[in-house]
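# Summary of structural features
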Amino acid sequence: MGMKHLDEYRDPELARFLLEEIARKATRPWTIMEICGGQTHSIMRNGIDQLLPDTVELVHGPGCPVCVTPLETIDRALAIASIPGVIFTSFGDMLRVPGSRDDLFTVRSRGGDVRMVYSPLEALQLARLHPEREVVFFAVGFETTAPANAMAVRQAAREGIANFSVLCSQVMVPPAMRAILSSPDNRVQGFLAAGHVCAIMGWEEYEPVAEAFGVPIVPAGFEPVDLLDGILKVVGMLEKGCSGVLNAYGRVVSREGNREARKVMHSVFGVADRPWRGIGLMPASGLVLRREYARFDAERRFDVGHIAPRESPLCRSGEVLQGHLKPDACPAFGKECTPQTPLGATMVSSEGACAAYYRYHRNPDSL
Amino acid sequence: MTEPFACPLPLLRHETIQMAHGAGGRLSQELTRQVFMPHLGNAFLDLLDDQAKLTLPSGRAAFTTDTYVVSPCLFPGGTIGSLAVNGTVNDLAVGGARPLYLSAGFVLEEGFPIADLDRIVGSMAEAAGKAGVLIVTGDTKVVQKGFCDGIFINTSGIGVLRQEVELSCRNLQPGDRILLSGTAGDHGMSIMTAREGLSFQSGISSDCAPLNHMIEAMLDAVPGIHAMRDPTRGGVAAVLNELAASSSVGIDIEERSIPVRDEVRGACELLGIDPLHAANEGKLIAVVPDEAAREVLGIMHAFEEGRDAAIIGTVSVDHPGMVVMHTVFGSRRIVDLPAGEQLPRIC
Amino acid sequence: MCLAIPGKLLDITEENGLKMGTVDVNGSKTRACLEYVPDIVPGQYTIVHAGFALKIIDEEEAAESLKLWQELIGSGAFETGDELPSTDDL
Ligand code: SF4
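A brief structural summary. This one's a predicted model, so the numbers in the text were calculated from it and none came from an experiment.

## Examining the overall build of chain B
Helix and strand counts for chain B come out as eight helices and 13 strands. On C-alpha atoms alone, chain B measures out to a radius of gyration of 21 Å, which is about the 20 Å that the 2.2 N^0.38 rule sets for 347 residues. With the C-alpha coordinates of chain B rotated into their principal frame, the extents come out at 65 × 55 × 35 Å. Here chain B, with 347 residues, has 57% of them falling under the buried criterion. Considering only contacts within chain B whose residues lie at least 6 apart along the sequence, 84% involve residues at least 24 apart.

## Observations regarding the site of the ligand
The environment of the ligand is made up of 13 residues, and the closest members are Cys315(A), Cys330(A), Cys337(A), Thr346(A) and Cys354(A). When the residues that make up the shell around the ligand are grouped by side-chain class, the tally is nine nonpolar, three polar and one charged.

## Digging into the environment of Ala279(B)
Residues and elements named next belong to chain B. Its place among the elements puts Ala279 in the loop between helix H7 (262-271) and strand S10 (285-288). Separated by 258 residues in sequence, Ala279 and His21 place their C-alpha atoms 33 Å apart. Leave out the neighbours within four places in its chain, and Ala279 touches Gly185, Asp186, His187, Gly188, Pro231, Thr232, Arg233 and Gly235.

## Remarks on the sheet that holds strand S4 (residues 97-109) of chain B
Residue and element names in this part refer to chain B. The four strands are arranged S1-S6-S4-S5 in an open sheet whose pairing can be described as mixed. The two strands at the open ends of the sheet, each matched to only one other strand, are strand S1 (61-68) and strand S5 (134-143). Taken pair by pair, the neighbouring strands of this sheet meet at an average axis angle of 15 degrees, ignoring direction. Where S4 meets strand S6 (residues 151-161), eleven bridges bridge the pair, whose relative direction is antiparallel. Note on S6: the bridge partner recorded for Gly105 is Asn154.

## Re the sheet that holds strand S11 (residues 280-289) of chain A
Residues and elements named next belong to chain A. What the six strands build is an open sheet, ordered S4-S3-S5-S6-S11-S10; its pairing is mixed. Either end of the sheet is taken by a strand with one partner, and the two such strands are strand S4 (113-116) and strand S10 (269-276). On average, adjacent strands in this sheet sit at an angle of 25 degrees to one another, irrespective of strand direction. In this sheet, S11 lies alongside S10 in antiparallel orientation, the contact comprising seven bridges. Looking across to S11, one finds that Trp276 is bridged to Gly280. With respect to the sheet, helix H8 (residues 146-159) is in contact with strand S5 (134-141), strand S6 (164-171), S10 and S11, its orientation differing from that of S6 by roughly 155 degrees. Lying over the sheet, helix H9 (residues 173-182) contacts S6, S10 and S11, oriented at roughly 175 degrees with respect to S11.

Thresholds, definitions, all that
- Residues numbered from 1 in each chain as written.
- Chains lettered and ligands numbered in written order.
- Predicted model: local features only at pLDDT ≥ 70, side-chain atom pairs only at ≥ 80, totals over all residues.
- Heavy atoms only, no water.
- Helix = DSSP H or I, 4+ residues; strand = E, 2+ residues; numbered from the N terminus.
- Rg over C-alpha atoms; globule rule 2.2 N^0.38 Å.
- Buried < 20%, exposed > 50% of the residue type's maximum accessible area, 1.4 Å probe, protein only.
- Contact = heavy atoms within 4.5 Å.
- Near = heavy atom within 4 Å.
- Nonpolar A, V, L, I, M, F, W, Y, C, P; charged D, E, K, R; others polar.
- Pairing = 2+ DSSP bridges.
- Axes fitted to C-alpha atoms, helices over the stretch in contact; angles between N-to-C directions.

As structure tokens, then:
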């Protein structure tokens, strides 16, 4: 038995067919960025980059919420989680991310009540069960996760659950794409857009980006065949000199996306400027609580004083996140910086490009 | 009681563990007589002495200890008790020893339900029976509420080493075959999806089982097996990396040959966990000279706990110290050690 | 950035005023919030992310692209390197 809608897209024969098509079509060198860290992970895990013809180079994008959450926000999370009486909840992804000094696990070892949740609704359930405690949820994510986070906040408001709040670090893809394409160092000629972000957002908002910068943008899935289909479509468009948006993830992505999810997301969150770790402030790139929901903002609820984050001077994750530097070209890669001793968030998250390189892609001869 | 079998519990005056259950007085005695002895009683334990006096067969002995703190303590396919027995039995057996006697030390949290304890001790007796070992000495302590997570168990075990076998993780030779005795990741995913609060109801069953009988048969047939390990915490990936490092050889494994149960794979996909990183409690990895690999595999297949056994890879002279996976697509990637505790992820 | 896995909806329930359901992922079952896929019925496949169903999988679309690929492979055209108008026709 196989997993329906998953295993079909791991078919080696189909993958080989698409690879040959890509090789046949790519007559010149092309540089394509996969935006999403999940795609990076899948590419590395399946060794797709090794199988592509030399003409096609993949560079890895900033689509990992763990990697782009500012150190200041992580330090704030650690400070809030350390407050006696607080139950601090987070997706498993964020628990190991080091702040300036330690991580959420360390806070737990010192007596902080830090708990892992799989769904934001589990955090809300903890607030229901412990009305005498303050339950804080670390709401990280891109447009895929923001609707889930939004639902927890809306539900807290509806049920009058006053002991629930969220620490937001939510970001959006299109501003990051624009920033990458506007950079004077940009090498990216075409994009694989993040399929699950597009499941929510659709692809309308990518059309003006594709037009303004003259690039192909292809929403793609995460399985090897999905990725190769996406790459084939980008290469096909590049070879023909066309730009625009072409969907390679039809079973999940439609042009209009998921209206219901967007409605709730926009009713709870508004767009704001947002700093991205390693990259800097990007205008209109974040999602923060609207005024009507401001009472659920953990940042306002808990005064943790001034936070002065300290970044490692060695880490070049900003360049990695924008596709300017391959992880193994960072001088600290595999030396000062490993998943056990990460200097930057891109080495912590399993989606981070540095961690994916370290895990799957170290050159065996280099060890 | 209207139930057909005589449950000893109603005789106890408490439904939960009290501090006095660990104080050596009346309640301690009650607990021993009514929970521990009915399940575990044997000629050694029945004496209620402070020590067990054993006669060991001649030859070298193997001795091991491990402490179990798994949460939740009851999970599909086992309990912390069966885990504590099987874990120690397997630690002896993979070293080429015949496990004989175990000790069991309990740390109980005040307020722990005695009915759960009864179930746990019952599952220990069952596991010991299956493995053919005796629990010959034990101890119970009670700590205040909040000082431990319900129940912790330490088991130590003693066994006699077989004469002719020399198993060591430094023994790997290029050309050896890597055998995995069954599906990867069952226990780890069982525990992860059984954890309170997570939105799962998968009911994935742990693979918790004693492996000594199968190992005995394997070594009877092929005493020259080079190495054996049970891939518990850190999973198959951790053991393979250790083996490669200890023997300074490379290990190549085939993605398509690694058995994974359907629902385990489903849970792994959903939570973003690599089945090779998830724990097992009833599996072993054997490194066998190429010419004997088929024979050993056939023996494993004859046992329930080795039904899904497979040859998953080969030892090589290339990339010493590293484990390399050959994907179904024909690419290669490193199989790394898991970085710490396995955590479900959303991205 | 977003792990989302396909699974089959088994049932629909209500919890705290939210539409919820059980989703079967290869035999593993998980709870998911269905508020964002209001039209879903049991038996349909959806992708699940962070405890939320994000989208009902479009079976027709899926079947169509798979069929197209299989036809192309079946035609054997790619092995000979022949021109394949259908994939050029983007
Ligand atoms: S390898 Fe480490 S130090 Fe270098 S960019 Fe990546 S995370 Fe930063």
